[in-house]
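# An overview of the molecular structure
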Amino acid sequence: MPNPSQQIMRLGFGFAVSQALRVIIELGIPDLLAVGEQSVDELAAATQSDADALYRVMRLLAPEGVVREVLPRHFELTEVGAVLRSDQSGPRDFVRMINSEAYLAFEQLMHSVRTGKPAFDKVFGSPRFDWLSAHPEQAALFQRAMVALGQGSNEAVADACDFKPFTRIVDVGGGHGQLLSAILARNPHLDGVLFDLPSGVAAARQGAGGDLPRTEFVAGNFFESVPTGDVYVIKKVIHDWDDRRAAVILQNCRKAMLPNGKVFVAETLVPPGDEPNQIKGIDVVMLAVTGGLERTQTQYESLFDAAGLRLQRVIQTRGSISILEASAA
Ligand SMILES: C[S@@+](CC[C@H](N)C(=O)[O-])C[C@H]1O[C@@H](n2cnc3c(N)ncnc32)[C@H](O)[C@@H]1O
């Protein structure tokens, strides 16, 4: 059992493991190990790396359960490490994305804590989504990371909501389109609108999140307006923004919504107490990177009030994500 100082040292060391993961993904090590165990010399030759340096990185990841040193300086992939292979639609893109700009912004977390403002803007000179709009490669990686993060949750949301009463669904900030794809597959009576910034729409058009039949692709800015429809889904978008801006997005849905329309906001609610929960980490990422926040149910209720909407019920999906169903107040 580690003593308290060892536990703190381990926590303080998290950045090293995180960046080591990114390095092995970018070198393609998980793919090289997919065929079986290899020596570090072979891996270094195949990736134009320094064998001794690569060994030290692999040795760091072995106790973390990513690889296993089966013979001196020979490694194999574990079941955990196998999700980093390029033929897996798992978290490799998320690890790469979070260890790029977000990582650099985190170095200035103190700025966010002192000012309440996103460190990202200070480090990169513009807000996160403006910066992504000017960097198409990173924007595409961001969308792939969102697909990885959403594994299972898009289907869970599509299964949990009743879309029978509606005809035209607008996915606001739908990005890659995986949620809309799952909803349209289950609801052949619905037409869809995929609404996002041009980079998000481009990813969806290219099929990043699956087939999108009966879909209109609309690029725009949800702070200005959103397309008309009778049902809106907004998944993992509101958490990107502070209360003032989040209310503007919801107000724009309220304005564009046809009579008797509904808004389904899909987010992970912050639970009370100090149980471990990944959402608490994502919340601090939001603080430093986008200026957004994860919210409790009560905070969402206030947000809906500010936008002229009323929370009607909260639907718990089979995953960690909840759906807050709202209609015009
Ligand atoms: C965290 S992602 C969520 C994507 C998707 N809904 C999901 O659940 O994976 C936020 C999305 O909001 C989009 N977005 C950001 N600012 C926007 C704006 N001003 N107008 C429209 N879409 C925007 C981003 O491009 C991105 O696709």
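The residue count restarts for each chain, going from 1 along the sequence in the order it is written. In keeping with the predicted nature of the model, local features appear solely for residues at pLDDT of at least 70, side-chain atom pairs appear and are counted solely at 80 or more, and the whole-chain, interface and lining totals rest on all residues. The basis for every side-chain value is the complete set of heavy atoms in the structure, and neither hydrogens nor water enter the calculation.

- An unreviewed UniProt entry lists the chain under the name Acetylserotonin O-methyltransferase, with Mesorhizobium qingshengii given as the organism.

## A look at the sheet that holds strand β4 (residues 168-172)
- Between any two strands, at least two bridges found by DSSP are needed for them to pair. Helical segments are the DSSP runs of H or I of at least four residues, strand segments are the runs of E of at least two, and each set is numbered from the N terminus. The seven strands are arranged β6-β5-β4-β7-β8-β10-β9 in an open sheet whose pairing can be described as mixed. Each edge of the open sheet carries a strand with a single partner, namely β6 (215-219) and β9 (309-316). With strand direction ignored, the average angle separating the axes of adjacent strands in the sheet is 20°.
- Pairing geometry for strand β7 (residues 229-235) and strand β8 (residues 257-267), over six bridges, is parallel. To get an axis, a line is fitted to the C-alpha atoms, and for a helix only the part in contact is used. The angle between two axes follows their N-to-C directions and goes from 0 to 180 degrees.

## Some remarks on the site of the ligand
- Near the ligand, the surroundings consist of 18 residues, among which Gly-173, His-176, Asp-196, Phe-222 and Lys-235 are the closest.
- Whenever a nitrogen or oxygen atom comes within 3.5 Å of another N or O atom, the pair is scored as a polar contact, on the condition that within protein one atom can donate a hydrogen and the other can accept it, and that pairs from neighbouring residues in sequence are kept only if both atoms are in side chains. Gly-173 places a polar main-chain atom, nitrogen or oxygen, 2.8 Å from a nitrogen atom of the ligand.
- No other element matches the three residues that helix α11 (residues 136-149) contributes to the shell around the ligand.
- Each of two domains, domain 2 (92-146) and domain 3 (150-328), supplies a minimum of three residues to the shell around the ligand. Proximity criterion: a residue is near a molecule or strand once any of its heavy atoms comes within 4 Å of it. Each domain span listed reflects an automatic or database assignment of domains.

## A closer look at the packing of helix α2 (residues 14-27) against helix α5 (residues 51-61)
- Orientation of α2 relative to α5, taken along the N-to-C sense of each, is 120°, at an axis distance of 10 Å. Comparing their axes, α5 and α2 come out oblique. For the element pair α2 and α5, the recorded crossing hand is left-handed. Of α5, the residues touching α2 (which contributes Ala-16, Val-17, Ala-20, Leu-21, Ile-24 and Leu-27) are Leu-54, Val-57, Met-58, Leu-60 and Leu-61.
- Any residue outside Ala, Val, Leu, Ile, Met, Phe, Trp, Tyr, Cys, Pro, Asp, Glu, Lys and Arg is labelled polar, Gly included; the first ten of those are nonpolar and the last four are charged. For the contact of α2 with α5, a count of residues per class yields eleven nonpolar, no polar and no charged. Orientation is classified from the angle alone, with under 35 degrees giving roughly parallel, over 145 giving roughly antiparallel, 65 to 115 giving roughly perpendicular, and any other angle giving oblique. A clockwise turn of the near helix away from the far one marks a right-handed crossing, whereas an anticlockwise turn of less than a right angle marks a left-handed crossing. Residue contacts are counted whenever heavy atoms from the two residues lie within 4.5 Å of one another.

## Brief notes about the packing of helix α12 (residues 153-160) against helix α13 (residues 178-186)
- Relative to each other, α12 and α13 sit at 40°, their axes nearing to 8 Å. When the axes of α12 and α13 are compared, the pair comes out oblique. Considering the relative orientation of α12 and α13, their crossing is right-handed. Across the interface between the two elements, Asn-154, Glu-155, Val-157, Ala-158 and Asp-159 from α12 touch Gln-178, Leu-179, Ala-182, Ile-183 and Arg-186 from α13.
- In the contact of α12 with α13, the residues fall into five nonpolar, two polar and three charged.

## Re the nonpolar core
- Within the largest apolar cluster, 42 residues are counted, with the highest numbers of intra-cluster contacts made by Val-172 and Leu-250.
- Among the elements that line this core, the one with the most residues is helix α15 (residues 243-256), at six residues.
- Looking at this core, you find at least three residues from each of domain 2 (92-146) and domain 3 (150-328).
- What is meant by a nonpolar core is a set of buried Ala, Val, Leu, Ile, Met, Phe, Trp, Tyr and Cys residues, joined one to another through side-chain atoms within 4.5 Å. Buried, partly exposed and exposed residues are distinguished by accessible area as a fraction of the type maximum, computed with a 1.4 Å probe on protein chains only: under 20%, between the cut-offs, and over 50%, respectively. By size, the runner-up hydrophobic cluster in this structure holds 23 residues, among which are Cys-161, Phe-163, Phe-166 and Ile-169.

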